[in-house]
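Remarks on the overall topology
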Amino acid sequence: MVIVLLAGVAAGALNAVGGGGTFVALPALVAAGLSPVTANASSTVALVPGTVASAWVYRRDLAPVGGTSTRALTVVSVIGGGLGAGLLLTLPAVSFDAALPWLLAFATVILAFGRHVSRVLSDAKGHAVGISPRTVLIGQFLLAVYGGYFGGAVGIMMLAVWSIGLGLDTSAGNPMRVAQIAAIYLSATGLFLIASDALSAPSVLITMLVGAVAGGVAGAHVARRLPAWLLRSVVLTTAVTMTVLYFLRG
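Because the structure is predicted, anything quoted here is derived from the model rather than measured. (Residues numbered from 1 in each chain as written. Predicted model: local features only at pLDDT ≥ 70, side-chain atom pairs only at ≥ 80, totals over all residues. Heavy atoms only, no water.)

**Thoughts on the overall build of the protein**
Along the protein, the regular secondary structure elements total 10 helices and 0 strands. Ordered by position in the sequence, the α and β elements of the protein form the string α-α-α-α-α-α-α-α-α-α. A compact globule built from 250 residues should have a C-alpha radius of gyration of about 18 Å, and the protein, at 17 Å, falls within 12% of that. Taking as baseline every contact in the protein between residues at least 6 positions apart, the subset at least 24 positions apart corresponds to 83%. A total accessible area of about 11000 Å² is found for the protein, and carbon and sulfur atoms account for 71% of it. Positive and negative side-chain charges of the protein, numbering 12 and 5 respectively, have mean locations separated by a distance of 8 Å. (Helix = DSSP H or I, 4+ residues; strand = E, 2+ residues; numbered from the N terminus. Rg over C-alpha atoms; globule rule 2.2 N^0.38 Å. Contact = heavy atoms within 4.5 Å. Areas by Shrake-Rupley, 256 points an atom, 1.4 Å probe, with all protein chains shown as cover. Lys, Arg positive; Asp, Glu negative; His and termini not counted. Charge placed at Lys NZ, Arg CZ, Asp CG, Glu CD.)

In C-alpha cells:
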C-alpha cells in the first residue's frame, strides 16, 4: 500500500508537470494484484481527482488552442474519452494484454522524439503547419479516444499536435493540456465506475487516489520551478523502463 501511495503521488505530479503518470500508476496497480484491464480503468479513476486539482491550479492560465474554442475542445475530449473507455470494456481483455506493451512503446517513442519531429517540421516549413480549427478538433477526438482506452502520454501527444500544427509553445499549452486530460479522464471514469471492476479493490484505489491528489497539487505548483530537462528525463526514464519490463513480461 505504501508503494501504491507513492506511485499515486508520482503519477499525479508527472501528469501535472509534463505527462507520463500512467507509466507509474498502471504497473503499480498490476503489482498490487489487479488485472491489466482493471488496473488501467482503476488508474484512470484514481488519477482523475489529482488531474482536476492540477487543472484548478492552472485555471487562470488557460488559453484557447488556435482558433478552437475551449468549450468545443472540451466537448470533443469528453465524447472521445467516453468512447475510448467503452472500447476498453467492450474488446476482449486479451486484446488489451497483447496491445499494452506496444501502446507503451508507441507512447515512449512520442515522448522521446515528438518534440524533435515538431521542430524539424517547423524548421523545414519555416513556420508552423497552421492546421484549421476543424482539424484540431478531429485530432483532439482521436487523442481523446486513445486517452480513454489507454492514456499513456496522451498529454504529450496533445502538445506535439498543437506545437506542430499551430506553433503553440509547450509552456503556454500546458494548462490547456491538463484541462483536456481532466475532461477525458472524467468522461472515462463515469463509464468505468458503472461498467468495470475498478471498485473491486477499494482500498488500493483510494490509496492511489489520495496520493495522486497530493502529487497533482504539488506538481502543478512546482512545475515552473524545476528544470524542464530534469522533468522530461524522469518521465522518459520511467517510460522506457516500464516498456522494456512489459515486453519481457509478455
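What follows picks up the thread again.
**Comments concerning a nonpolar patch on the surface**
Taken together, the side chains of Leu-5, Val-9, Ile-206 and Val-210 make up a nonpolar region of the molecular surface, amounting to roughly 310 Å² of accessible area. Contributing elements (two or more residues each) for the nonpolar patch: helix H1 (2-17) and helix H9 (202-222). Within the secondary structure layout, Val-210 lies in helix H9. (Patch = residues over 30% accessible without salt bridge, like charges linked within 9 Å, V, L, I, M, F, W, Y side chains within 5 Å. Salt bridge = Lys/Arg side-chain N within 4 Å of Asp/Glu carboxyl O.)

**Some remarks on the nonpolar core**
Phe-96, Phe-150, Trp-162 and Met-208 are the most contacted members of the largest nonpolar core, which has 56 residues in total. In this view, Phe-150 contacts Thr-22, Leu-26, Asn-40, Phe-96, Leu-100, Leu-103 and Leu-104; residues no more than four positions away in its chain are not counted. Core analysis: the next-biggest nonpolar cluster, separate from the first, contains 6 residues, Ala-16, Val-178, Ala-182 and Ala-220 among them. (Core = buried A, V, L, I, M, F, W, Y, C linked by side-chain atoms within 4.5 Å. Buried < 20%, exposed > 50% of the residue type's maximum accessible area, 1.4 Å probe, protein only.)

**Points about the side chain of Thr-68**
Counting through the fold element by element, Thr-68 comes out in the loop between helix H3 (36-57) and helix H4 (70-90). Judged by relative accessible area, Thr-68 falls into the buried class, the value being 4%.

**Things to note about the packing of helix H6 (residues 133-149) against helix H8 (residues 170-195)**
The N-to-C vectors of H6 and H8 enclose an angle of 50°; their axes lie 9 Å apart at closest approach. With respect to each other, H6 and H8 are oriented oblique. Once H6 is placed against H8, the crossing between them reads as right-handed. Contacts between H6 and H8 involve Gln-140, Ala-144, Gly-147 and Gly-148 from the former and Gln-180, Ile-184, Tyr-185, Ala-188 and Phe-192 from the latter. (Axes fitted to C-alpha atoms, helices over the stretch in contact; angles between N-to-C directions. Parallel < 35°, antiparallel > 145°, perpendicular 65-115°, else oblique. Left-handed = near helix turned anticlockwise from the far one by under 90°.)

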